[in-house]
Amino acid sequence: QVQLVESGGGLVQAGGSLRLSCAVSGTIFSLNAISWYRQAPGKQREMVAIITSSGSTNYADSVKGRTAIFRDDTKNTVYLQMNSLKTEDTGVYYCNANNVHTLATSWGQGTQVTVSS
């Protein structure tokens with residue numbers, strides 16, 4: 001059974017930084033593309049960043065230039081480093097794993113990020 005556990009969320013002032021972690025178990029980590037999504041109150045869930053099984057990355061325009069996604073395959077963990085945070089970055093951040101062979105997809109429980117002005 002695939003499990004994703006997010007951590008690192010919290011309350012931060014605008015302009016600050018946070019690093020989110022997503023620990024993955026129950027799957028061959030290197031075969032998964034890992035994405036971070038966020039959902040703000042009253043809005044649809046949107047993808048923030050993705051890192052493929054080969055290490056390629058892509059970002060939403062809203063976070064490009066101030067966010068980095070990277071993976072540590074020795075720890076089965078993906079990180080989302082967010083800098084210069086804005087109030088509009090507030091939301092619940094979810095980790096998603098997509099196995100590139102089986103196409104199975106799994107979600108974590110989410111971690112709350114609140115950016116105050």
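Everything here concerns the structure above.
A brief structural summary.

Rules behind the numbers
Residues numbered from 1 in each chain as written. Predicted model: local features only at pLDDT ≥ 70, side-chain atom pairs only at ≥ 80, totals over all residues. Heavy atoms only, no water. Buried < 20%, exposed > 50% of the residue type's maximum accessible area, 1.4 Å probe, protein only. Helix = DSSP H or I, 4+ residues; strand = E, 2+ residues; numbered from the N terminus. Pairing = 2+ DSSP bridges. Contact = heavy atoms within 4.5 Å. Core = buried A, V, L, I, M, F, W, Y, C linked by side-chain atoms within 4.5 Å. Salt bridge = Lys/Arg side-chain N within 4 Å of Asp/Glu carboxyl O.

Focus: the pairing of strand S4 (residues 32–39)
For step 1, the next point in the chain: Counting buried positions along S4 yields 6 of 8 residues, so the element is predominantly enclosed.
For step 2, the next point in the chain: Bridging between S4 and strand S9 (residues 91–99) involves 8 bridges; their strand directions are antiparallel. The residue of S9 that forms the bridge with Gln 39 is Val 92.
For step 3, the next point in the chain: Both S4 and strand S5 (residues 46–51) contribute to a ladder of 5 bridges, which runs antiparallel. Across the sheet, the residue bridging to Trp 36 is Ala 49, located in S5.

Notes on the side chain of Arg 66
For step 1, the next point in the chain: One can find Arg 66 in the loop between strand S6 (57–59) and strand S7 (67–72).
For step 2, the next point in the chain: Look at Arg 66 and you get buried, because its relative accessible area is 11%.
For step 3, the next point in the chain: The residues contacting Arg 66, other than those within four sequence positions of it, are Gln 81, Met 82, Asn 83, Ser 84, Leu 85, Lys 86 and Asp 89.

What to know about unusual backbone geometry
For step 1, the next point in the chain: Look at Asn 76: it is not a glycine, yet its phi comes out positive at around 50 degrees.
For step 2, the next point in the chain: With respect to the helices and strands, Asn 76 occurs in the loop between S7 and strand S8 (77–82).
For step 3, the next point in the chain: The phi dihedral of Leu 103 is positive, around 65 degrees, even though this residue is not glycine.
For step 4, the next point in the chain: Along the polypeptide, Leu 103 turns up in the loop between S9 and strand S10 (105–107).

Overview of the nonpolar core
Nonpolar side chains in soluble globular proteins tend to be buried together.
For step 1, the next point in the chain: In this structure, Ile 34, Trp 36, Ile 69, Leu 80, Met 82 and Tyr 93 are the most contacted members of the largest nonpolar core, which totals 25 residues.
For step 2, the next point in the chain: Secondary structure elements with two or more residues in this core: strand S3 (18–25), S4, S5, S8, S9 and strand S11 (111–116).
For step 3, the next point in the chain: Ranked by the residues each element gives to this core, the list is headed by S3, at 4 residues.
For step 4, the next point in the chain: Leave out the neighbours within four places in its chain, and Tyr 93 touches Glu 6, Leu 20, Trp 36, Tyr 37, Arg 38, Val 48, Leu 80, Met 82, Gly 110, Thr 111 and Val 113.

Describing the pattern of salt bridges
For step 1, the next point in the chain: The full count for this structure, using the stated rule, is 5 salt bridges.
For step 2, the next point in the chain: Taking the shortest distance from any N to any O, the salt bridge between Asp 89 and Arg 38 comes out at 2.8 Å. Here the residue Asp 89 occupies a position in the loop between S8 and S9, and Arg 38 occupies one in strand S4, the gap between them amounting to 51 residues. The same class applies to Asp 89 and to Arg 38, which are both buried.
For step 3, the next point in the chain: One network of salt bridges, with partners in common, ties together Arg 38, Glu 46, Arg 66 and Asp 89.

Remarks on the environment of Thr 74
For step 1, the next point in the chain: Positionally, Thr 74 belongs in the loop between S7 and S8.
For step 2, the next point in the chain: Judged by relative accessible area, Thr 74 falls into the exposed class, the value being 73%.
For step 3, the next point in the chain: Considering only alpha carbons, one finds Thr 74 and Ser 30, 44 residues apart in sequence, at a separation of 9.7 Å.

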